[in-house]
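# Chains, contacts and geometry: an overview
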Amino acid sequence: MSFFSNFQSDKCPGTISGNPLNGLCEKVCIQAQKIFDACIKQIQIDNYTLTLEDKIPADPTYPLTFISARSTSSTGVITNLNVERLHDKPGCARVQATVSIPVEIAYTDANGVEGVAQSTISVSQDVLLFVPAPSIMPYKITAEVSAVCAEGTFNSDGTFSVSACLTTIMKVAIDVEILVPSYGYCAIPPAQEYSHEVCTGFFELPLYPQGKNCSKQ
């Protein structure tokens, strides 16, 4: 079983029933990442050129046929970051950056052999975000990303031209020690081993078929 598999305990995550103050026992200092601001941007880009790196197998036979491509990490790589505070909007800043998204491309070569390669999609971000005042602990700009490429064509120079659907979430964060109310430690339920019961349904059948009782006719 697990937290959400019929484990009955008031010491596990789940919906609060009754007075939420019942069971509170202490104030706990936890280390966490506080998000001061965030925004999401979803775009489609067409005819984006993907350069193939780290091909497996290493020497495919050209031409290649595109199958799909998708991001391999939810963390984007931020470069060319520039944060410009706005005097007419206290607390706000113009955040400019290049966000790179690692992707893996699946394809088949001219002999029908399946292969994969690594590449990167880079997009520019120019957004407004709340940026906290200067402090000993510095803020950081992070990006959570996702990319899917459903269509692509092979180019004579060994690249792919693709149409990509991109999601980028820009965040302003600081690693902090924060005080939160606590119900104490979680009660961890025992694991329930997965098993495929091939005889389920068969063993539940009656030993003999149901029929008419001749003695009552």
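Preceding block: the structure.
Residues numbered from 1 in each chain as written. Predicted model: local features only at pLDDT ≥ 70, side-chain atom pairs only at ≥ 80, totals over all residues. Heavy atoms only, no water.

### Some thoughts on the overall build of the chain
How we decide: Secondary structure follows DSSP: runs of H or I at least 4 residues long count as helices, runs of E at least 2 residues long count as strands, and numbering of each begins at the N terminus. Buried, partly exposed and exposed residues are distinguished by accessible area as a fraction of the type maximum, computed with a 1.4 Å probe on protein chains only: under 20%, between the cut-offs, and over 50%, respectively. In what follows, a contact means two residues having at least one pair of non-hydrogen atoms within 4.5 Å.
A tally of regular secondary structure across the chain gives zero helices and eight strands. Its helices and strands taken in sequence order, the chain reads β-β-β-β-β-β-β-β from the N to the C terminus. Residues counted as buried form 25% of the 217 residues belonging to the chain. Excluding contacts between residues fewer than 6 apart, the proportion of contacts in the chain whose partners are at least 24 apart in sequence is 77%.

### Some details on the packing of aromatic side chains
Stated formally: Classification of ring pairs rests on two measures: the distance between centres of Phe, Tyr or Trp rings, Trp counted by its six-membered ring, which must be within 6.5 Å, and the angle between planes, read as stacked under 30 degrees, edge-to-face over 60 and tilted in between.
Evaluation of the coordinates by the stated rule reveals four aromatic pairs. Relative to Phe154, the ring of Tyr62 has its centre 5.3 Å away and its plane inclined at 45 degrees; by these criteria the two rings are tilted. Here the residue Tyr62 occupies a position in the loop between strand 2 (53-56) and strand 3 (65-71), and Phe154 occupies one in strand 7 (residues 140-154), the gap between them amounting to 92 residues. The class of Phe154 is partly exposed, set by a relative accessible area of 22%. Geometrically, the ring pair formed by Phe154 and Phe160 is edge-to-face, given 5.6 Å between the ring centres and 70 degrees between the ring planes. Members of the aromatic cluster, connected to one another through ring pairs, are Tyr62, Phe66, Tyr107, Phe154 and Phe160.

### Let's talk about the pattern of salt bridges
What counts, and what does not: Counted as salt bridges are all cases of a side-chain nitrogen of Lys or Arg within 4 Å of a carboxyl oxygen of Asp or Glu.
All told, the structure shown has three salt bridges when counted by the stated rule. A salt bridge links Asp126 to Arg94; the nearest nitrogen and oxygen atoms lie 2.7 Å apart. On the criterion of sequence distance, the pair formed by Asp126 in strand 6 (residues 114-130) and Arg94 in strand 5 (residues 92-108) is long-range, its members being 32 residues apart. With relative accessibility at 31%, the residue Arg94 sits in the partly exposed group. A salt bridge links Asp175 to Lys140, with the nearest nitrogen and oxygen atoms 3.3 Å apart. With a gap of 35 residues between them, Asp175 in strand 8 (residues 160-182) and Lys140 in strand 7 connect regions that are remote in the sequence. With relative accessibility at 33%, the residue Lys140 sits in the partly exposed group.

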